[in-house]
Amino acid sequence: MILKADRKIVGIGTDIEQISRFRDKPFDENDRFYKKLFTENEIEYCLRMKDPYPSFTARFCAKEAIWKALSGVVSIAWHDLELLNNENGKPFVRIISENSEKMTVLRRYDIFVSLSHNRENAIAYVIIQE
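The structure contained in this document is the topic of the report that follows. These numbers come from a predicted model, not from an experiment. (Residues numbered from 1 in each chain as written. Predicted model: local features only at pLDDT ≥ 70, side-chain atom pairs only at ≥ 80, totals over all residues. Heavy atoms only, no water.)

### Concerning the overall build of the chain
When you go through the chain residue by residue, the secondary structure sums to five helices and five strands. In the chain, the succession of α and β elements from N to C terminus is β-α-α-α-α-β-β-α-β-β. The globule rule puts the C-alpha radius of gyration for 130 residues at 14 Å, and the 14 Å found for the chain is close to it. Over its C-alpha atoms, taken along the principal directions, the chain stretches across nearly 45 × 30 × 30 Å. The burial tally for the chain puts 43% of its 130 residues in the buried class. Across the chain, every contact between residues at least 6 apart in sequence was considered, and the portion connecting residues at least 24 apart equals 61%. When the accessible area of the chain is evaluated, it comes to approximately 7,700 Å², of which 49% is carbon and sulfur surface. (Helix = DSSP H or I, 4+ residues; strand = E, 2+ residues; numbered from the N terminus. Rg over C-alpha atoms; globule rule 2.2 N^0.38 Å. Buried < 20%, exposed > 50% of the residue type's maximum accessible area, 1.4 Å probe, protein only. Contact = heavy atoms within 4.5 Å. Areas by Shrake-Rupley, 256 points an atom, 1.4 Å probe, with all protein chains shown as cover.)

### Considerations on helix 3 (residues 40–47)
Every buried residue of helix 3 is listed here: Glu42, Ile43 and Cys46. The arc that holds every buried residue of helix 3, seen down its axis, measures 100 degrees, which confines them to one face. Each element contacted by the buried residues of helix 3 is listed here: helix 2 (31–37), helix 4 (53–69) and strand 2 (81–85). (Arc of directions from axis to C-beta.)

### Considerations on the state of the cysteines
By the definition in use, this model includes zero disulfides. Take Cys46: it sits in no disulfide, and the sulfur closest to it among the cysteines is that of Cys61, at 12 Å. (Disulfide = S-S within 2.5 Å.)

### A short note on the packing of helix 3 against helix 4
It is the contact of helix 3 with helix 4, at a shortest axis distance of 9 Å, that shows an interaxial angle of 145 degrees. Contacts between helix 3 and helix 4 involve Glu42, Ile43, Tyr45, Cys46 and Leu47 on the former and, on the latter, Ser55, Phe56, Arg59 and Lys63. Of the residues that constitute the contact of helix 3 with helix 4, the class distribution is five nonpolar, one polar and three charged. (Axes fitted to C-alpha atoms, helices over the stretch in contact; angles between N-to-C directions. Nonpolar A, V, L, I, M, F, W, Y, C, P; charged D, E, K, R; others polar.)

### A few points about the pattern of salt bridges
Here the structure, examined in full by the defined rule, presents 10 salt bridges. The salt bridge partner of Glu130 is Arg108, with a shortest N-O separation of 3.7 Å. Of this pair, Glu130 sits in the segment after strand 5 (121–129) while Arg108 sits in the loop between helix 5 (100–106) and strand 4 (110–117), and the two are 22 residues apart along the sequence. Sharing partners across several salt bridges, the network here consists of Lys8, Arg108 and Glu130. (Salt bridge = Lys/Arg side-chain N within 4 Å of Asp/Glu carboxyl O.)

Just distances and angles here, no functional claims.
In structure tokens, the structure reads:
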């Protein structure tokens, strides 16, 4: 997916969070918390990592950034979309809303996402184009 010069940018969002917010809630003791925020695919991906918490935090940041970018356009819930990675490791957003009206609106947009983290923080940057 490539930004297209002839298409309107609907929104831009960013979010940064401390990884300790998730590390302080170990998955094994807080699975209900994680299942509220993340899809099964996201949870499986993160738990494959030696340290899953930077990945959880980055995905949380991405969902927050998307919510900010779509503010006033469409309301989204945690499970309306999921952050996955292609075969090269590049993150992408898959729309999975069970609400058909919301799904129709969200499918009109291309969502570009960038994730990063260091030892303490994770960040996501999102551009949404119509």
